[in-house]
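Breakdown of the fold
Each chain, letter by letter, is given below.
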Amino acid sequence: MFKIFSKDPIHDPIHKQAAATEIKKTTCYMCACRCGIRAHLRDGELVYIDGNPEHPLNQGVICAKGSAGIMKQKSPARITKPLLRKKGSDRGAGEFDEISWEQAFELLTDRLKKIRETDPKKFALFTGRDQMQALTGLFARQFGTPNYAAHGGFCSVNMAAGMIYTIGGSFWEFGGPDLDHAKLFIMIGTAEDHHSNPMKIALSKFKRAGGRFISINPVRTGYSAIADEWIPIKPGTDGALFMALMHELIRTEQYDADFLKRYSNSGQLVCLDAGPEEGLFLFDPDSDPINADLPHNKYVWDANTQSAKPCFEKGVSPTLCGEFIMGPGPHQGKKVAPAFELLRKQVQDTTPEWASSITGIPADRIKKLATEIGQAAFEQAFEMPVAWTDAWGESHQTVTARPVAFHAMRGLAAHSNGFQTTRGLAVLMSLIGTIDRPGGFRHKAPYPRQVPPNVKPPSSENDIKPNTPLGKAPLGWPTQPEDLALDAKGNALRIDKAYTWEHPLAAHGLMHNVITNAVKGDPYSIDTLMIFMANMSWNSTMNTMEVRELLNSKNADGEFKIPFLVVCDAFQSEMVDFADLVLPDTTYLERHDAMSLLDRPISEYDGPVDSVRIPVLPTTGECKPFQEVLIELASRLKFPAFTTEDGGRKFKDYPDFITRFETAPNSGIGFLAGWRGKDGEKSLRGEPNPDQWKRYAENNCVFHYKMPVEHQYMRNWNRGYLDFSKANALRQKNDPIMIAIYSDILQKFRLAAKGQRPGSSPPEHLKSRILKYFDPLPFWYPPLEDEVTDLEKYSLNAITQRPMAMYHSWDSQNAWLRQIHSHNYLYVNTKTALEHGINDGAWMWIESQWGKVKCMARHSEAVDPGTVWTWNAIGKAESAWSLDPSSDESKKGFLLNHLISEELSLGGFSVSNSDPITGQAGWYDVRVKLAAADENEPEETWPQVKAHRVPGMITK
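First things first, this report covers the structure right here in the doc. Within each chain, residues carry numbers counting from 1 in the order of the written sequence. Thresholds applied to this predicted model are a pLDDT of at least 70 for local features of residues and 80 or more for the giving and counting of side-chain atom pairs; totals over whole chains, interfaces and linings are not thresholded and use all residues. With hydrogens and water stripped out, all remaining heavy atoms of the structure feed into the side-chain values.

The subject of this paragraph is the sheet that holds strand β4 (residues 83–85). For two strands to pair, DSSP has to find at least two bridges joining them. In DSSP terms, a helix is any run of H or I states spanning at least four residues, a strand is any run of E spanning at least two, and both are numbered starting from the N terminus. Strand order in the open sheet formed by seven strands is β5-β4-β25-β24-β23-β6-β7, with mixed pairing between adjacent strands. For this open sheet the edge positions go to β5 (96–98) and β7 (148–149), each flanked by a neighbour on one side alone. The pairing of strand β6 (residues 123–127) with β7 spans two bridges and is classified as parallel. Across the sheet, Phe126 pairs through a bridge with Ala149, a residue of β7. Along the sheet, helix α16 (residues 626–636) makes contact with β6, β23 (528–532), β24 (564–569) and β25 (581–584), crossing β23 at roughly 145 degrees. Note on definitions: a residue-residue contact is assigned when non-hydrogen atoms from the two residues lie within 4.5 Å. Orientation is described by axes fitted as lines to C-alpha atoms, over the contacting stretch for helices, and by angles from 0 to 180 degrees between their N-to-C directions.

Dropping the structure here:
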C-alpha cells in the first residue's frame, strides 16, 4: 500500500530482480495512438510494460508514456469507491460520503428514469478523450437526449469537418500521409505527440530514404526539430498561406487538371444568376441522380461540343475555366461557370506578398514552397502497377503517384477560422492530385465517406419524445438549413447550441459551452449533467475560474443551477471536487475496451483494423469501468437496444454486449469486425461469435483485414472498393465520392441568410455572420478574437501544445513522467523576452484582456518572435491528483486557460469564442502582453486554487 510522504518508491523495478512469471498482451491508453503492448507480471504484480513487436501499428516501439503506464496503475490519486456529496456542502469543497455501487445505480436509475419519462433533454452526457463514442452515443440516443458530444468540439472538429466536407476523409484516425511513397513531406500545426509512435517510425524511414521534411509551425519542437527546414508562421494564418500556394500553383498551371475534371466537382457548373439558384450547381432532371441524398446529376461544360452536358456522360471533356450561358433546356439562358473558375478567381489576389504580410513568411519563400510542391507532385510523379476499375467502369492498369504528403492537426483546427483553413489545405492537396494516391493523403477505413456522411442530427421536437430513443443520431452532418437542430420557433434543441445558426455544422458538439449555457438556462436548464474523462473545472475549460464559480452557482431558493452533476474519473482530478456523485473508473489495464470500426479504429492504409483491450490486472478497490456503468444503467432503464422482447436484460456485461450487439437485427455488423460467425470464420460481417474476445486475445488484441491491392488506392472512385465498403456497411451506398472543391452545402446557408431560399433562415443578428463565413470556397479571415482585441497592446500570440511525455492532464500524477515535466515554462523568443526585460528563468506575468497568469520564462530560439507558448495541462490545483501541496505542478506549473474567454461580444451580441461554422473552440486565438514580475513577489504561479482529498483513495 502506498504510504503518503514516504521516501520508499511507489514501484521499485531495481531491487526486485526475479524474472517476470507471466506476459499479457493488451492495447495502450497512455495517449490516443492505441499501440500494442505487453504487460510483464511477477506473481500477479505488474513490473514492466514494453511494446508488442507483433502489433501492426507500433511494431514493438513504445514511448515514455507507454512504458510508464505502471505508474498510472499505482497512482496514489486513484479513487476506489463511489462517492456522494454530503448534503448541504458546496461543490468544490470535496466533502463526500462513500456509498455502494448499488446505491449509486439506484440513485441514478431513479433520477434518469424520471427525466426520460418527462423531458429527455434535461439529461446531458458529455465525454472527454474517450475511445468508445459509439457506445456513449448509443446510450444517449437510446435515452432520447440530443445533449451528447465528445471532446472533438474543443479539440479538432475543424480538421474532421473541414476535410470530410471536402474529400470524404480526414487526418488522424481516418487518414494520413503516405510516407512510404512520398518524396516531400510538409507538416503543419502538429504537436509533438500526435500519432506519436507510428509517426516516429514513418518519419525515420522517410528521412533515411532521402525524403525532404518541411515543418511549418510557430514552434520548433518534437517532429519539427528533425525537419530539414523549419518555417515559422504566425498562429491562425495558415489559411492565408494555403491561399497563396493555390494562387501560385494555378498561376503557373502546376495542378492536375485531369484529376480535377474526373474526380472532383471542379468542372461542374455553378449558377451565377441572382435568385434561389445563385451559387448552386445546376441539375439535369433527365439524368440518374445515383444517390438521392447527394445527387450527381450535375452539368459540365463540354469542350468538344461547347455546350452543357451531364457530368458523367461518356466522351465528355469538362472545361475548367470560363463563363458560359446555358443553351436550350430547363436552365436556358442562365449564366454559369465551372467551380474551378470560381476558385481561380477566389485566389487571384491572394498573392505570396499578400500572405507574407499576414503569416510573417517571406514572399519568396512562399513562392519557392509552391515550386517545391509542384516539382515533387509532377516532376517526381511515377506510376505504380496496380490495376483497378473506376466507378464508371473504366479499367486502369496503373495508379499515379503524386509524392507530396501533408499532415496537419490541432494547430490548424483550434482557431475560429479553422474550418475554412482546413478546407484550404484539403483543396490545395486536391489541386495537385494527391488524394488517396501513393505518396499523398491516403484514407483509412471506415473512410472515405460521402461528402459529408448521410447522418443528420435531430431537426425538430418530433425527434425528442419521452421514453423513446432519439429519432436521429445525436451528432450528424447537416447539408441544408432544414437539418439544423431547431424547434418550430427557431430555438436550439441542444444545450450547447450545436447545429443552430450560431454554429450550423457543429459535427462534434460544443462541450466547452455546456456548463455556461446550463447555468444561464440558455437555451434552457437541465437536470443532470454526466461528465466522463473531462476536467471541466480546470484544463478542459476556456475560462477556468469562472466555470468553477458557475459549477457552484445557485438559484434564489438555494438549489444548484445544475441540479445534479455526475463525474466519472479514475483519479482525484480537479473536477471531482464539484461532483454530486463520483463514479470511480478503472485504468486501461483493468478493463475490456473495443476500438471499433463503428468508432475511432486504428485502421491501416491497406485495410480495416480494429483492436481491443483485455484486463491484465484485477480492478482496484471498487472501481468499475464506465462501459459497465452504461450497460448497467441502459439495462435498468430498459432501453430497447438493451432489453429482450419480454423486457428482460439482454446483455450480461460489457464484453457480452460487444460480442452480441448488432447495429440492426441479423445485420452481422457489430462493434468488432474480427472472427465473426458462430465459429469465428468470418471477417467484417457475420453472426456474433461467443469466443470473439478469446480470439482477439490469441491474436495480439488486434484484427487486421488486408484488402486486395486493387482496392487500396483511389478509393473515392474505385468500383471494387466502393462495392466492398457498401457490402460491409462501411458506407450506405457505392456511388463515387467526388471531391468538393466548391461546397454548395455552404452556399445553401448563405442563400437562407439572403432570404433567397424558402424555409429556415437565420435570425437577423446572425445573417451577416452566415454571409461572411459560409463561403463555398476556402478563404482566410482573422480569428474572431482579433475583432475585440487591441492588437497593439496585446501584440503576441499565445498557444499551448501537449508534451510528448504526457497526454492532457492524465499523467501529471505519474511518478515517472513527473521527472520529465514536473512544471512548465512560458517559452519566449530570446529577443522578445529581453525587449520586455525578462531574463531566462525569471518570474513574469502574461496577460490578456480576459485575465493574467504568473509563470516562469524560458528563452528559446525555437519559437517565432511574435508567439509565446507552453505545455498544456501541467499546472494543477494545490493538492489535486494526490500531489504534495508544495509540488511543482501547483507552485510552478500554470495554465493558459485563465487567459482565454469562452464567449465574445461581436456586433452587439454574445457568442461562443469558437469557429462560426463548426463551433470549434478558439483555444489558440488569444493575444497577450508580457511583463517582468516584481522581485518581491512570491515565487509561485498565480492564480492559486486548492483541491481537496476525497474518501476512498488509495492513500491512507
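There is more to say after this.
A word on the environment of Thr941. Turning to its location among the elements, Thr941 is positioned in the segment after β36 (927–932). Note: C-alpha distance between Thr941 and Met856 (85 residues apart in sequence) is 8.0 Å. Among residues more than four places away in sequence, those in contact with Thr941 are Trp843, Val853, Lys854, Ser890, Lys891, Lys892, Gly893 and Phe894.

Taken together, the three strands give an open sheet; going across it, the order is β26-β27-β28, and neighbouring strands pair in antiparallel fashion. A single partner strand is all that each edge strand has here, and the edge strands are β26 (593–595) and β28 (702–704). Geometrically, the sheet is characterised by an average inter-axis angle of 10 degrees between neighbouring strands, direction not taken into account. Bridge count for β26 against strand β27 (residues 609–613) is three bridges, and the pairing is antiparallel. Bridge pairing in β27 links Ala594 to Val612.

What follows covers the packing of helix α7 (residues 238–251) against helix α9 (residues 339–346). At a minimum axis separation of 9 Å, α7 and α9 run at an interaxial angle of 115 degrees. Here α7 is positioned roughly perpendicular relative to α9, judged by the angle of their axes. Handedness of the crossing formed by α7 with α9: left-handed. Residues Met243, Met246 and Ile250 of α7 touch α9, and the partners they reach there are Phe340, Leu343, Arg344 and Gln346. Looking at side-chain class alone, the contact of α7 with α9 contains five nonpolar, one polar and one charged residues. Roughly parallel refers to an angle under 35 degrees, roughly antiparallel to one over 145, roughly perpendicular to one between 65 and 115, and oblique to any angle outside these ranges. Crossing handedness: left-handed means the near helix sits turned counterclockwise from the far one by under a right angle, and right-handed means the same turn made clockwise. Basically, the charged four are Asp, Glu, Lys and Arg, the nonpolar ten are Ala, Val, Leu, Ile, Met, Phe, Trp, Tyr, Cys and Pro, and anything else, Gly included, counts as polar.

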